[in-house]
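# Commentary on secondary and tertiary structure
Here is how the chains run, residue by residue.
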Amino acid sequence: MNFVHSFPHSAISVACVVEKQAVIGIIYNPVLGQKFTARRGQGAFYNDQQIKVSGEKNLSNALLVTEFGTSREEEKTKVVLENITKLVKIAHGFRSLGSAALNIATVALGGADLYYEYGIHIWDFMAGMLIVNEAGGYCCDPAGGEVDLMSRRVICASSKELADEVKQNDSKAQMSDMNIDDCYELVMKLVDQAGELVASRNSERKTVQIKSHPTDFVTETDQQVEKLFVDGIRAKFPNHQFIGEEDMSDGKKAILTNSPTWIIDPIDGTMNFVHSFPHSSISIALLVNKVTEIGIVYNPVLGQKFTARRGQGAFYNGRQIHVSEEKDLTKALIMVEFGTNRESEKVKVIMENLNKLVRKGHGLRCLGGAVLNICYVALGAAECAYDFGAHAWDYAASEFIVREAGGITIDPSGGDFDIMSRRLLTANNIEMARQLSAELTQYYPSPRDDE
């Protein structure tokens, strides 16, 4: 476009790649006589003078370069403008030359501090990446990790610290414009595959392994289902992160970052599964920038599938669902659990709350799994559910489904919900949530999922 308009910032860009690594990179703007060159391990040069990146580490002092891009598809344009709106309030300034190659080369020259873009191609950035690296800079995927040369996404920065700060402030850095659709399509296929495995084994005798105590255990099927999801997703999205029940069972912290993160419970209600009680479910959620984008819960034995995508509502077997309209706790069906932890202090709190609620609510129900309990609130079949001691993987998908069905999730004390706190109260509306919260004796599980 620059060349067509005689705007003097067009460039020839060529790289030689050996074993997927650039060994030669050249960018040449013949109109202005700008020639950037690099050979692997030999530094970067501008018109034969060696160059270095600025080394800037602070976003507030940084000059950023990016592009609006040639694609004007509505969703991508929205993302581009949203990110610029957010970053322009923090960064020193924004520039756009209309050429990805020259934008990147300017970072290598030290004339700009960071370049990022979604929708470009390997021929736009391969030479520039080598030149930036040889100039002492840092290149990565916008979600973190190494650049996937075929992903059409890149950050080239003067320092890793600056790249990390931009990632944290870029509201859509973690996903390309079409990746949510791709993620949803992929995970739905994996959910169906996992469901076939779980359903086929529901009535079989299971071999269990004890985890933290005799009522907390795992089966071979739990492990196989989690592996199915991780392997299937990682094959297509290698930079995505995972928080899974079985992956965390060895005491590893569940650290939630801004990167695209899948939170997986391969079988919620493992005790139900072991006893062939038909209320076990697969639960998986995708969070980007710590905001839930996708939530799926599937009970394959009874054919119950709950799905939601951010801003698009909640569905049960393809039919849109809504929470109930009841606002009186005395007319509410309340979902409760005893939980796997039978530590005396927790049992005392559980029984105290049951003693109060059995007299206060319309009725109590217990399915043996936090995930399905919560989904029944989304379905309108119950008004509220609470839990002390469940984990992020027990409710990441289901509480999101409730919210997309018009409900609300809070901390049982009445404050904001914290996904790592192991405490949750979800209800059909704020009035119901406040009434239930006021009745509960509080319990604070330790440690948190991120401790």
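Residues numbered from 1 in each chain as written. Predicted model: local features only at pLDDT ≥ 70, side-chain atom pairs only at ≥ 80, totals over all residues. Heavy atoms only, no water.

This next bit is on the overall build of the protein. Along the backbone of the protein there are 12 helices and 24 strands. Taken over the C-alpha atoms alone, the protein extends approximately 85 × 45 × 40 Å along its principal axes. Classification of the 451 residues of the protein by burial places 54% in the buried group. When contacts within the protein are restricted to residue pairs at least 6 apart in sequence, those whose partners lie at least 24 apart make up 65%. About 20100 Å² of surface is accessible on the protein, with carbon and sulfur atoms providing 51% of the total. Within the protein, one finds 46 positive and 58 negative side-chain charges whose respective centroids are separated by 1 Å. (Helix = DSSP H or I, 4+ residues; strand = E, 2+ residues; numbered from the N terminus. Buried < 20%, exposed > 50% of the residue type's maximum accessible area, 1.4 Å probe, protein only. Contact = heavy atoms within 4.5 Å. Areas by Shrake-Rupley, 256 points an atom, 1.4 Å probe, with all protein chains shown as cover. Lys, Arg positive; Asp, Glu negative; His and termini not counted. Charge placed at Lys NZ, Arg CZ, Asp CG, Glu CD.)

Ranked by size, the top nonpolar core spans 38 residues in total, and within it I243, I263, V297, F306, I401, I419 and M420 carry the most contacts. Counting 31 residues, the second largest nonpolar core, distinct from the first, contains A22, A100, L130 and V132. (Core = buried A, V, L, I, M, F, W, Y, C linked by side-chain atoms within 4.5 Å.)

Here the focus is the environment of I267. Relative to the assigned elements, I267 resides in strand β14 (residues 261–268). A residue is classified by how much of its surface remains accessible, and I267, at 1% relative accessible area, is buried. Leave out the neighbours within four places in its chain, and I267 touches V198, T219, T221, D222, E245, F273, S280 and S281.

Another point: the pattern of salt bridges. Under the defined criterion, the tally for this structure stands at 14 salt bridges. For K305, the salt bridge is made with D192, and the minimal N-O distance between the two is 2.6 Å. Here D192 lies in helix α5 (residues 179–201) and K305 lies in strand β17 (residues 304–309), a separation of 113 residues in the sequence. Residue class for K305 comes out buried when judged on its relative accessible area of 16%. Notably, a salt bridge pairs K360 with E439, separated by 3.7 Å at the nearest N-O pair. Here the residue K360 occupies a position in helix α9 (residues 344–360), and E439 occupies one in helix α12 (residues 430–439), the gap between them amounting to 79 residues. Among the charged side chains, a salt-bridge network with shared partners connects D418, R448 and D450. (Salt bridge = Lys/Arg side-chain N within 4 Å of Asp/Glu carboxyl O.)

Relative to the helices and strands, E404 resides in helix α11 (residues 392–404). One buried charge, E404, has no salt-bridge partner; the nearest side chain with opposite charge is R403, at 5.8 Å. Look past the residues within four positions of E404 in its chain and what remains in contact with it is A308, R309, R310, G311, Q312, G313 and A314.

The next point concerns helix α10 (residues 370–379). Counting buried residues in α10 gives nine out of 10 residues, a clear majority hidden from the surface. Turning to α10, its buried residues are A370, V371, L372, N373, I374, C375, Y376, V377 and A378. One or two residues past the end of α10 sits G380, with phi positive at roughly 85°.

Applying the stated criterion to the full structure yields zero disulfides. C156 supplies the cysteine sulfur nearest to C139, a cysteine that is in no disulfide, at a spacing of 3.3 Å. (Disulfide = S-S within 2.5 Å.)

Moving on, we get to the UniProt feature "binding site: Mg(2+)" (unreviewed entry) in the protein. Per the UniProt record, the feature "binding site: Mg(2+)" (unreviewed entry) sits at E245, D265, I267, D268 and D394. For the annotated residues, spread through 150 residues, the largest C-alpha to C-alpha distance comes to 9.5 Å, consistent with a single compact locus. Tracing the backbone through its elements, the reader meets E245 in helix α7 (residues 245–248). (UniProt positions renumbered as here; feature names shortened; annotations may be inferred.)

Spatial strand order, β1-β2-β3-β4-β5: five strands in an open sheet with antiparallel pairing. In this open sheet, the two strands that pair with only one neighbour each are β1 (12–18) and β5 (49–51). The sheet shows a mean angle of 20° between the axes of neighbouring strands, direction not considered. Two strands pair when backbone bridges link them, and strand β3 (residues 34–39) and strand β4 (residues 44–46) are joined in this way by three bridges, in the antiparallel orientation. When the bridges of β4 are listed, A38 appears paired with A44. (Pairing = 2+ DSSP bridges. Axes fitted to C-alpha atoms, helices over the stretch in contact; angles between N-to-C directions.)

Counting buried residues in helix α2 (residues 100–109) gives nine out of 10 residues, a clear majority hidden from the surface. Those residues of α2 not exposed but buried are A100, A101, L102, N103, I104, A105, T106, V107 and A108.

The next point concerns the sheet that holds strand β22 (residues 384–388). The strand order β21-β20-β22-β24-β23 describes an open sheet built from five strands, whose pairing is mixed. Pairing within the sheet leaves two strands with one partner each, and these edge strands are β21 (363–365) and β23 (408–410). Adjacent strand axes in the sheet meet at a mean angle of 20°, parallel and antiparallel pairs treated alike. Pairing of β23 with strand β24 (residues 423–427), which is carried by three bridges, proceeds in the antiparallel orientation. Bridge pairing in β24 links T409 to T426. In the packing of α11 onto the sheet, contacts are made with β23 and β24, and the angle to β24 comes to roughly 25°.

Between α10 and α11, the shortest axis-to-axis distance is 8 Å and the interhelical angle comes to 5°. As summarised for this structure, α10 and α11 are arranged roughly parallel, according to the angle between their axes. When α10 is examined against α11, the residues A370, V371, I374, C375, V377 and A378 are found in contact with a partner set consisting of W393, D394, Y395, S398, E399, I401 and V402. When the residues that make up the contact of α10 with α11 are grouped by side-chain class, the tally is 10 nonpolar, one polar and two charged. (Parallel < 35°, antiparallel > 145°, perpendicular 65-115°, else oblique. Nonpolar A, V, L, I, M, F, W, Y, C, P; charged D, E, K, R; others polar.)

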